[in-house]
Amino acid sequence: MSPRDASPLPPGRQPYDPLVGFRAGAIAGGILGAILVAVSSLANFWVVLVGAAIGGGIGYWTEKFKLSGEDPDDPSGG
C-alpha cells in the first residue's frame, strides 16, 4: 500500500462529526424553509433562517449522540 492510499484519519467517528451534522442539517433546513416560502404565501426570509437554525440544531444533536455511543431514542437512558 502506498502512502497515498493510507487515510490520515482512523476509521470510525471523528470528534468534529457534530459540526458536520450541524452544517448538513442547516443546509437541509434552509432548503426546506425556502421550499415552504416558495410554495406558500409566506414571503419572508426569516422562515428560511429559522428552518436552517432548527435543522442545524437537529443535525448537531443527532451526531453528538452518535458520537457519545448512546441511543437518543432509548427511554431507559443507556
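Here is what the cut-offs are and how they apply
- Residues numbered from 1 in each chain as written.
- Predicted model: local features only at pLDDT ≥ 70, side-chain atom pairs only at ≥ 80, totals over all residues.
- Heavy atoms only, no water.
- Helix = DSSP H or I, 4+ residues; strand = E, 2+ residues; numbered from the N terminus.
- Buried < 20%, exposed > 50% of the residue type's maximum accessible area, 1.4 Å probe, protein only.
- Contact = heavy atoms within 4.5 Å.
- Areas by Shrake-Rupley, 256 points an atom, 1.4 Å probe, with all protein chains shown as cover.
- Salt bridge = Lys/Arg side-chain N within 4 Å of Asp/Glu carboxyl O.

### A short note on the overall build of the chain
Helices and strands together make up the secondary structure of the chain, namely two helices and zero strands. Within the chain, the fraction of its 78 residues that count as buried is 21%. Counting contacts in the chain only where the partners sit at least 6 residues apart, residues at least 24 apart contribute 60% of the total. When the accessible surface of the chain is summed, it comes to about 5900 Å², and 68% of that surface belongs to carbon and sulfur atoms.

### Focus: the pattern of salt bridges
Within the structure shown, the criterion is met by one salt bridge. Residue Lys66 is joined to Glu63 by a salt bridge in which the shortest nitrogen-to-oxygen separation is 3.7 Å. Taken together, the positions of Lys66 and Glu63, both in helix α2 (residues 45–68) and three residues apart, correspond to about one turn of that helix. The exposure class assigned to Glu63 is buried, which follows from its relative accessible area of 15%.

Purely geometric numbers; function is a separate question.
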